[in-house]
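# Descriptive analysis of the structure
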Amino acid sequence: MAMHEPTFFILTALAEGPQHGYGVMQTVARLSGDRVTLRAGTLYAALDRLTTEGLLTVDREEALQGRLRRYYRLTDAGSAALGAEVVRMRSAASMAAARLRTHGGFALAAGGATLAASGLALAAGGAA
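What counts and what doesn't
- Residues numbered from 1 in each chain as written.
- Predicted model: local features only at pLDDT ≥ 70, side-chain atom pairs only at ≥ 80, totals over all residues.
- Heavy atoms only, no water.
- Helix = DSSP H or I, 4+ residues; strand = E, 2+ residues; numbered from the N terminus.
- Buried < 20%, exposed > 50% of the residue type's maximum accessible area, 1.4 Å probe, protein only.
- Contact = heavy atoms within 4.5 Å.
- Salt bridge = Lys/Arg side-chain N within 4 Å of Asp/Glu carboxyl O.

With that settled, consider the overall build of the chain. When you go through the chain residue by residue, the secondary structure sums to four helices and seven strands. Along the chain, helices (α) and strands (β) appear in the sequence α-β-α-α-β-β-α-β-β-β-β when read from the amino end. A buried classification covers 30% of the 128 residues belonging to the chain. Across the chain, every contact between residues at least 6 apart in sequence was considered, and the portion connecting residues at least 24 apart equals 40%.

Quick look at the pattern of salt bridges now. Summed over all chains, the structure comprises seven salt bridges. The salt bridge partner of D59 is R73, with a shortest N-O separation of 3.2 Å. Of this pair, D59 sits in strand β2 (residues 56-64) while R73 sits in strand β3 (residues 67-74), and the two are 14 residues apart along the sequence. Given a relative accessible area of 35%, R73 falls into the partly exposed group. Residues R60 and E62 are paired through a salt bridge, measuring 3.2 Å at the closest nitrogen-oxygen approach. For R60, a relative accessible area of 34% corresponds to the partly exposed category. One salt-bridge network, in which partners are shared between bridges, spans D59, R60, E62 and R73.

Our next topic: unusual backbone geometry. The residue D34 is not glycine, and still its phi comes out positive at about 65°. Among the structural elements, D34 can be located in the loop between α2 (21-31) and α3 (40-52). For D34, a relative accessible area of 55% translates into the label exposed. One non-glycine residue, Q65, adopts positive backbone phi at about 50°. Assignment of secondary structure puts Q65 in the loop between β2 and β3.

Encoded structure:
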């Protein structure tokens, strides 16, 4: 089953190491090119759910200016789930690219891909 995009980006944000909730929120926005923006209530509900599912764990808690900051990190199960989703996404993208190639509407180019039928060029890091 496909992972929801916010979950994918939360796990990806934590792949480099522990972060507190607000840091996760900022990293998700940056990694997604501001396509995925998480509000505090949504983020903390997701962090609680992912912790309950065993994909995350609380790394530590710190008091900062009278507020408690909870840092989360990926568990081995979280890393495995993220890795499985990467494999699933790559497989789906490869299948779609192959189908487009068979119909002559897709040509791979250095640094990106060109959709010949529509004239849309996609370059590494974004659309041109």
